[in-house]
Amino acid sequence: MPRPRHDSEILPAKERLENAFWELLSEREYRKITVTDIVRTAGVNRNSFYYHFAGLPELADSAILHAVENTPMPGTPDASFDPDTEWRKHVTALLRDPEQRQRLDRLALLAGPHSSPELVESMREFGRLTLISVLGLDADHLDLKTDLMLDFTVGGMLAVLRRWPKLHEQLPMDAVFNEDLAVLATGLFMSMSKTDMLGYWKRIFSSGFVAGQNAQDEADGEAQRK
């Protein structure tokens, strides 16, 4: 079977099949989707489907893996990270790019009513593997703390995705860009990495202490003037 031209106006068959999976998952439960539904929606024949995939579960895994892999992740953290700046940059990339918004909408389907335990487990596993790769960790030699934090982080992602259909319509950007969220997210990310966090936390707490002290000094000065 000839492979599709990359410069063709028609998407390659594999990409069309993955798009069909997401389209159908938005309309019905995964257990009710068939290969016939997929090939009809994608506009390809069954031979083309089985050329790329052994069956529907393999197609689902491929679609989920590509969605997870192509979601922007923060850069490798270090002690000089500015959590507020990096958080704003990361969230802006996610929420203001139409392709990333579509990717989030698709991933949210995995935590929605049309999903299945198998799809959730695939999302969980690919999420862990992606974080491990981004953080430069050795998947075969994770310490207990990092292993638990990976599960905690992916579980949190699934919880947000479960609420995403409502969140993305009503969540104010000011709430997303909140500095407390930035420090929490960056700290969690760095805790799973190989980064020595002592310098980072000293800088964060030191700057917070100075800001708080300045605010207190201004309040005391205002009280004395009165």
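Higher on the page you've got the structure.
Draft legend 1. Structural view of the overall build of the protein chain. Within the protein chain, the regular secondary structure consists of 11 helices and 0 strands. Taken from N to C terminus, the helices and strands of the protein chain fall in the order α-α-α-α-α-α-α-α-α-α-α. A burial count over the protein chain gives 37% of its 226 residues as buried. Carbon and sulfur atoms make up 54% of the accessible area of the protein chain, which amounts to about 13700 Å² in all.

Draft legend 2. Looking closely at the environment of Leu107. Looking at the secondary structure, you find Leu107 in helix H6 (residues 98–109). For Leu107, a relative accessible area of 5% corresponds to the buried category. The residues contacting Leu107, other than those within four sequence positions of it, are Trp22, Ala67, Val68, Thr71, Met123 and Leu161.

Draft legend 3. The arrangement of helix H2 (residues 35–42) in detail. Residues of H2 that are buried include every one of Val35, Asp37, Ile38, Val39 and Ala42, and no others. Tucked inside the fold, the buried residues of H2 contact helix H1 (13–25), helix H3 (46–52) and helix H4 (56–69). Among the residues trailing H2, Gly43 stands out with phi positive, at a value near 75 degrees.

Draft legend 4. Layout of the packing of aromatic side chains. Using the criterion set out here, one finds 4 aromatic pairs in the structure. Consider the rings of Phe21 and Tyr30, whose centres lie 6.3 Å apart with planes at 80 degrees: the pair is edge-to-face. The residues Phe21 and Tyr30 share a single accessibility class, namely buried. When the ring of Phe49 is compared with that of Tyr50, the centres are 5.0 Å apart and the planes differ by 80 degrees; the resulting orientation is edge-to-face. Taken together, Phe21, Trp22 and Tyr30 form an aromatic cluster joined through their ring pairs.

Draft legend 5. Broad picture of the nonpolar core. Ranked by size, the top nonpolar core spans 42 residues in total, and within it Phe21, Trp22, Leu25 and Ile38 carry the most contacts. Listing elements by their share of this core, those giving two or more residues are H1, H2, H4, H6, helix H7 (117–135) and helix H8 (144–170).

Draft legend 6. Here's a closer look at H6. For H6, built from 12 residues, the straight-helix expectation of 16 Å at 1.5 Å per residue is met to within 8% by its first-to-last C-alpha distance of 17 Å. For H6, the full list of buried residues reads Gln100, Arg103, Leu104, Arg106, Leu107, Ala108 and Leu109.

Draft legend 7. Here's a closer look at the packing of H4 against H7. Between H4 and H7, the shortest axis-to-axis distance is 9 Å and the interhelical angle comes to 40 degrees. Considering the angle they form, H4 stands oblique to H7. At the point where H4 passes H7, the crossing takes the right-handed sense. Judged by residue contacts, Ala60, Asp61, Ile64, Leu65 and Val68 of H4 engage Leu119, Ser122, Met123, Phe126, Gly127 and Thr130 from H7. Here the residues of the contact of H4 with H7 are counted per class, giving 7 nonpolar, 3 polar and 1 charged.

About the cut-offs
- Residues numbered from 1 in each chain as written.
- Predicted model: local features only at pLDDT ≥ 70, side-chain atom pairs only at ≥ 80, totals over all residues.
- Heavy atoms only, no water.
- Helix = DSSP H or I, 4+ residues; strand = E, 2+ residues; numbered from the N terminus.
- Buried < 20%, exposed > 50% of the residue type's maximum accessible area, 1.4 Å probe, protein only.
- Areas by Shrake-Rupley, 256 points an atom, 1.4 Å probe, with all protein chains shown as cover.
- Contact = heavy atoms within 4.5 Å.
- Phe/Tyr/Trp six-rings, centres within 6.5 Å; stacked < 30°, edge-to-face > 60°.
- Core = buried A, V, L, I, M, F, W, Y, C linked by side-chain atoms within 4.5 Å.
- Expected span 1.5 Å × (residues − 1).
- Axes fitted to C-alpha atoms, helices over the stretch in contact; angles between N-to-C directions.
- Parallel < 35°, antiparallel > 145°, perpendicular 65-115°, else oblique.
- Left-handed = near helix turned anticlockwise from the far one by under 90°.
- Nonpolar A, V, L, I, M, F, W, Y, C, P; charged D, E, K, R; others polar.

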